[in-house]
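Now for the letters of each chain:
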Amino acid sequence: MSLPTLIQGHTPHDRLSYLLGELCKELKDIKGDKAGSLGEALSFAQQARDIVDGYDKYVARMSSSPPAIVNKMVDESYEHNWKLVHEEGLTQFRLIPEMSAGGYEAAVLRELAALSKARRILEIGMFTGTTTVTLAMIPTVEKVVALELEGYLKDWSRPYFEQAQVSDKIDVWVGDAVSSLNRLDEEHASFDLVFIDADKPNYLTYLQKVLEGGLLAQGGVIAVDNVAYRGTPWAPVPDKWYEKSGIKTDEFKQAVQSTQEMGRILAEFNEVVRNDPALEVVMLPVEDGISLVRRKGE
């Protein structure tokens, strides 16, 4: 059993919904003289949960839809047996469908790319390619270079790129992202939009490579995903979640510890970016948080 489905969810709103749900259950369990006085508190807690549960769905429904191919990719990713793929040695890591940027986030990035008139886009961390194909389908985009560690994902996503008729605009580089960034720098590549959504411990390294290597074009923008990481950068997961959960497996304990560590890493990353005098940054409450970063004066 993984931590996301039991405790955290995949965004700060998911985590808040879980906590409100637990509060509602606790209030319902109170009996006797106190039950009546707590009835109103239970009503407030349930209303709060209804608001938070519906928020992400509502903003997605009130936004322009992503390309139909994206919904197909998301649905088929959830049906795919990623566990078996890993057990057969086809991927280096156990992948889960929640790693994919959903349709709403893809639509947000599409609007950002369109507004910034991006022609060349770099994606660090592709996974199933939902963002990749969305960006490539923008008529003014000429090329999307996607860096991905898992070669299996290049093969998995290619048929969808072909169905969307943008395969010729997408170049997937398989391998270590730092090595790929060094190679792009040597080739004097330049990108109008860079999307970072890969392994969190290397976020700062990727950001520095893009900025210092000249990979970001004049006036370009860097979008960084998961910067709110389930709310853990400002509200860490307490150790008591593991102690009170009743689940004493090593897998669950490791999930708790991993979430705590990722929250710490993202908090440090956000602080470094915010305090860099050469950068402008704004963090948006989109899904699990997206920061838009650019050089000052551009």
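Residues numbered from 1 in each chain as written. Predicted model: local features only at pLDDT ≥ 70, side-chain atom pairs only at ≥ 80, totals over all residues. Heavy atoms only, no water.

Looking at an unreviewed UniProt entry, one finds the protein chain named S-adenosyl-L-methionine-dependent methyltransferase and attributed to Irpex rosettiformis.

Enquirer: Describe the overall build of the protein chain, with residues and values.
Expert: A count of helical and extended segments in the protein chain gives twelve helices and seven strands. Across the 298 residues in the protein chain, those meeting the buried criterion constitute 47%. Excluding contacts between residues fewer than 6 apart, the proportion of contacts in the protein chain whose partners are at least 24 apart in sequence is 71%. If you sum the accessible surface of the protein chain, you get close to 15300 Å²; carbon and sulfur atoms cover 52% of it. (Helix = DSSP H or I, 4+ residues; strand = E, 2+ residues; numbered from the N terminus. Buried < 20%, exposed > 50% of the residue type's maximum accessible area, 1.4 Å probe, protein only. Contact = heavy atoms within 4.5 Å. Areas by Shrake-Rupley, 256 points an atom, 1.4 Å probe, with all protein chains shown as cover.)

Enquirer: Account for the nonpolar core, naming residues and giving values.
Expert: The biggest cluster of nonpolar side chains holds 37 residues, and the ones touching the most others in it are Ile 121 and Val 133. At five residues, the largest contribution of residues to this core is made by helix H8 (residues 151-163). Those residues in contact with Val 133, other than ones at most four positions away along the chain, are Ile 69, Val 70, Met 73, Phe 161, Ala 164, Val 166 and Ile 170. Residues Ile 124, Val 145, Ala 189 and Val 210 belong to the second largest nonpolar core, which totals 32 residues. (Core = buried A, V, L, I, M, F, W, Y, C linked by side-chain atoms within 4.5 Å.)

Enquirer: Requested: an account of the packing of aromatic side chains, with residues and values cited.
Expert: Applying the stated rule across the entire model yields five aromatic pairs. Taking 5.5 Å as the distance between ring centres and 35° as the angle between the ring planes, the aromatic pair formed by Trp 82 and Phe 127 counts as tilted. Of this pair, Trp 82 sits in helix H5 (residues 82-87) while Phe 127 is found in the loop between strand S1 (120-124) and helix H7 (130-136), placing the two residues 45 residues apart along the sequence. Residue classification places Phe 127 among the buried residues on the basis of a relative accessible area of 7%. Measuring from centroid to centroid gives 5.8 Å for Trp 82 and Trp 156, while their planes differ by 45°, and the two rings are tilted. Placement of the pair is Trp 82 in helix H5 and Trp 156 in helix H8, with a sequence separation of 74 residues. This pair shows no difference in class: Trp 82 is buried, exactly as Trp 156 is. An aromatic cluster is defined as three or more aromatic residues linked by ring pairs; in this entry it consists of Trp 82, Phe 127, Tyr 152, Trp 156 and Tyr 160. (Phe/Tyr/Trp six-rings, centres within 6.5 Å; stacked < 30°, edge-to-face > 60°.)

Enquirer: So what's going on with the sheet that holds strand S2 (residues 143-148)? Residues and values would help.
Expert: Note: strands within a sheet are paired through backbone hydrogen bonds, in either parallel or antiparallel orientation. Pairing is mixed in the open sheet, where seven strands are placed in the order S3-S2-S1-S4-S5-S7-S6. The sheet is open, and its two edges are formed by strand S3 (170-174) and strand S6 (279-284), each paired on a single side. The mean angle between the axes of side-by-side strands here comes to 15°, regardless of whether they run parallel or antiparallel. Bridging between S6 and strand S7 (residues 290-295) involves six bridges; their strand directions are antiparallel. Residue Leu 284 lies in a different strand from S7, and its bridge partner there is Ile 290. Against the sheet, helix H6 (residues 103-115) touches S1, strand S4 (191-196), strand S5 (216-225) and S7, its axis set at about 160° to S4. Its contacts with the sheet place H8 against S2 and S3, and it is angled at close to 165° to S3. (Pairing = 2+ DSSP bridges. Axes fitted to C-alpha atoms, helices over the stretch in contact; angles between N-to-C directions.)

Enquirer: A description of the pairing of S7 should follow, citing residues and the corresponding values.
Expert: Most of S7 sits out of view: five of its six residues are buried. Two elements, S5 and S7, share four bridges in a ladder whose sense is antiparallel. Residue pairing for S7: Ile 222 is matched across the bridge by Val 293. Linkage of S6 to S7, two consecutive antiparallel strands, is achieved through a turn of five residues, within which Glu 287 is found at a positive phi near 50°.

Enquirer: Can you tell me about unusual backbone geometry, naming the residues and giving the values?
Expert: The backbone of Lys 117 shows a phi angle near 55°, a positive value even though the residue is not glycine. Mapped onto the elements of the fold, Lys 117 is located in the loop between H6 and S1.

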